[in-house]
Amino acid sequence: MKSKILISFFVAGAALCSCEPFSEMNTNPNNPIEVPANLLLPKVCQDAFTRSTDGMYADKMVIQTDGHSEDQFFEWNRGSFDIYNNELLQLEKLREEAVRTNDTVYLPLYKFMRSFHYYELTLRFGDIPYSDAMKGQSEGNYNAKYDTQEEVFAGILNDLTAADEELAASPDADVIEGDIIYGGDKLKWRKLINSFHLKVLLTLSHKATVGGINVQQEFARVAQLPLMESNADNGQLVYLDQEGNRYPQFNAQWSGYYMDKTYVDRMAERQDPRLFLFSLPTTTAAEAGKAVDDFTAYAGGDPTVPYGDNITLVGDGLISQINSRFRTDPTEEPTMLMGYAELQQVLAEAVVRGWIQGDAKQYYENGVRASFEFYETYATEYSQYVTQEDAATYLAGQLVRFDDTLTDEQKIERIIFQKYCVSFYQGGWDPYFENLRTGYPGFAHLAENPIPYRWMYPDTEYRYNTANVEEAITRQFGANNDRTTAQPWWLKE
């Protein structure tokens, strides 16, 4: 795997502007029109593979103790369409340059990362601009119509199929330059694309068909294609100790940022040693000399009480901080768009649901072992707690074991928990959407604040794309019903 190399759009473009013909002397060299795809790809990868604090309050992993967090209390209203003007716009530039220079090897990556971003967008809102989106500059269409969520998901699935097929057919001579994820290894990209394809299909577990695609049959078909085979295939971004390339939380200011009781208690009751990698013992426990691997040394704050109540715990030294390794190590662990451990849990759930044949227990345990191996490799200060022997002990635990004494529903609950518990600084909003889809792992909330199904559309859509957004709302939820409690298509049986 090659190291991360971030090249800004403008700096990279400016480097290409020397030795201009006399006829182009009036062209501004600091505002390039054309930048090769290989110079755009690093930023495109950075956008897709970087993970931050997004979703961690709603996922009940952390709490705020110095102010009121809307995410923590499920009180959000409007979302943002900034992704259209940032990540998707950058992707469109990549596509344009790939077409202009006939570097067609970049087009499958464009389709894959475009699918990833639209997947995130549609899960947040429901119907979104899709087929008409990103046509402002090329066609002067600044009022994009909204596609139905089913149409968006069908487009995503078709693009993922096309991306794999195009890479498979790509000549060996076509080199992916600028690839900071897999160093130009097209087979590894195919494995990631197909693994993510399975994830999207499982997201649609409430649906039999999507845009004419039979969900279960398509899952079985894609499961026969190249998939991630180990942590060596992880779709991950590796960090370097240099400006612009460091771990996102390095030197972060965490004022009032503490562990959530929901998360700590669940990890502790399962005797999950990965807790030590994410959390620190409370001040009181540390002063009492409790060991790092003493689960009683850890405690979180209640995510449903006013933040002032948790401030008291902070003052009394009775609440755990986030492990300081995240902000003291500039290269920390890689962040993943999707990894082998998650894929194994996706396959385990598919077996339990009867979508494919296989050994669900083996997939489940493979996923847990891969997660332990990942942290043993990268969280080196804590590697002695996450060996394969520790994984075996953990898998034998009463609340973790996976065998035929469990019902299918209990098996799915355990599978979802394994994806949830290791999404700390890795999963974004994934655990939240998994909870909407399956009911697991279950999030504490106030009775007056039901867990939202979605975000309301941005104010800017009401101001500049009024007819289209209102049509989309009426079609999905009824006139004037743009509410967070309105259930989108993907969750309906």
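Keep in mind that this is a model prediction, so the values were computed, not measured.

Rules used throughout
- Residues numbered from 1 in each chain as written.
- Predicted model: local features only at pLDDT ≥ 70, side-chain atom pairs only at ≥ 80, totals over all residues.
- Heavy atoms only, no water.
- Phe/Tyr/Trp six-rings, centres within 6.5 Å; stacked < 30°, edge-to-face > 60°.
- Helix = DSSP H or I, 4+ residues; strand = E, 2+ residues; numbered from the N terminus.
- Buried < 20%, exposed > 50% of the residue type's maximum accessible area, 1.4 Å probe, protein only.
- Lys NZ or Arg CZ within 6 Å of the ring centre and 35° of its normal.
- Core = buried A, V, L, I, M, F, W, Y, C linked by side-chain atoms within 4.5 Å.
- Contact = heavy atoms within 4.5 Å.
- Expected span 1.5 Å × (residues − 1).
- Salt bridge = Lys/Arg side-chain N within 4 Å of Asp/Glu carboxyl O.
- pLDDT = per-residue confidence, 0-100.
- Arc of directions from axis to C-beta.
- Polar contact = N/O pair within 3.5 Å; in protein donor to acceptor, adjacent residues only side chain to side chain.
- Axes fitted to C-alpha atoms, helices over the stretch in contact; angles between N-to-C directions.
- Parallel < 35°, antiparallel > 145°, perpendicular 65-115°, else oblique.
- Left-handed = near helix turned anticlockwise from the far one by under 90°.
- Nonpolar A, V, L, I, M, F, W, Y, C, P; charged D, E, K, R; others polar.

(A) Main features of the packing of aromatic side chains. What the rule picks out here adds up to 50 aromatic pairs. Here the aromatic rings of Phe153 and Trp489 are separated by 6.4 Å at their centres, their planes lie at 40°, and the arrangement is tilted. With Phe153 in helix H7 (residues 149-169) and Trp489 in the segment after helix H21 (466-477), the pair connects residues that are 336 residues apart, well separated along the chain. With relative accessibility at 0%, the residue Phe153 sits in the buried group. Taken together, a centroid distance of 5.7 Å and an interplanar angle of 80° make the contact between Tyr263 and Tyr420 edge-to-face. Of the two residues, Tyr263 sits in helix H10 (residues 261-269) while Tyr420 sits in helix H18 (residues 408-421), which places them 157 residues apart along the sequence. The class of Tyr263 is buried, set by a relative accessible area of 1%. Its guanidinium or amino end placed over the ring of Phe417, Arg270 lies 3.9 Å from that ring's centre, counting from NZ or CZ.

(B) Geometry of the nonpolar core. Residues Phe49, Met113, Trp189, Leu198, Phe219, Phe424 and Tyr432 are the most contacted members of the largest nonpolar core, which totals 143 residues. Among the elements that make up this core, the one with the highest residue count is helix H5 (residues 106-125) (12 residues). Each residue touching Leu198, except ones within four places of it in the same chain, is listed here: Phe219, Val222, Ala223, Leu227, Leu343, Val346 and Leu347.

(C) Quick peek at H5. Helix length check: H5, at 20 residues, gives a terminal C-alpha distance of 29 Å against a target of 28 Å (1.5 Å per residue), a fit within 8%. Along H5, 19 of the 20 residues are buried, which leaves the element largely enclosed by surrounding structure. Where H5 ends, the next residue or the one after it, Gly126, has phi of about 110°, a positive value.

(D) Broad picture of the pattern of salt bridges. This model, assessed by the stated rule, comprises 35 salt bridges. With a shortest N-O distance of 2.5 Å, Arg100 and Glu97 are connected by a salt bridge. You can see Arg100 and its partner Glu97 sitting in helix H4 (residues 87-100), three residues apart, about one turn around the helix. Its salt-bridge partner being Asp233, residue Lys191 comes within 3.4 Å of it at the nearest N-O pair. Residue Lys191 is located in helix H8 (residues 186-203), and its partner Asp233 is located in the loop between helix H9 (215-222) and strand S6 (235-237); the two are separated by 42 residues in the primary sequence. There is no split in this pair, since Lys191 and Asp233 are both buried. Three or more residues are tied together by salt bridges with common partners; here these are Glu349, Arg353, Lys419, Glu434 and Arg437.

(E) Inspection of the confidence of the model for the chain at higher detail. Looking at the chain as a whole, the pLDDT averages 93, with 93% of positions reaching at least 70. Predicted confidence for residues 1-27 stays below pLDDT 50, and this span has 50 contacts to residues more than four positions away or in other chains.

(F) Structural detail: H9. Of the residues making up H9, those classed as buried are Val215, Glu218, Phe219 and Val222. Viewed along the axis of H9, the buried residues span an arc of 105°, placing them on a single side of the element. As for H9, its buried residues are in contact with H7, H8, strand S4 (209-210), strand S5 (213-214) and helix H15 (340-352). With a side-chain oxygen positioned 3.2 Å from the backbone nitrogen of Gln216, the residue opening H9 is Asn214.

(G) Examining the packing of helix H16 (residues 360-378) against helix H17 (residues 388-395) more closely. Closest axis-to-axis distance for the H16/H17 pair is 9 Å, and the angle between their directions is 140°. As summarised for this structure, H16 and H17 are arranged oblique, according to the angle between their axes. Crossing handedness for the pair H16 and H17: right-handed. Contacts between H16 and H17 involve Tyr364, Glu365, Val368, Arg369, Phe372, Glu373 and Glu376 from the former and Gln388, Asp390, Ala391, Tyr394 and Leu395 from the latter. Of the residues that constitute the contact of H16 with H17, the class distribution is six nonpolar, one polar and five charged.

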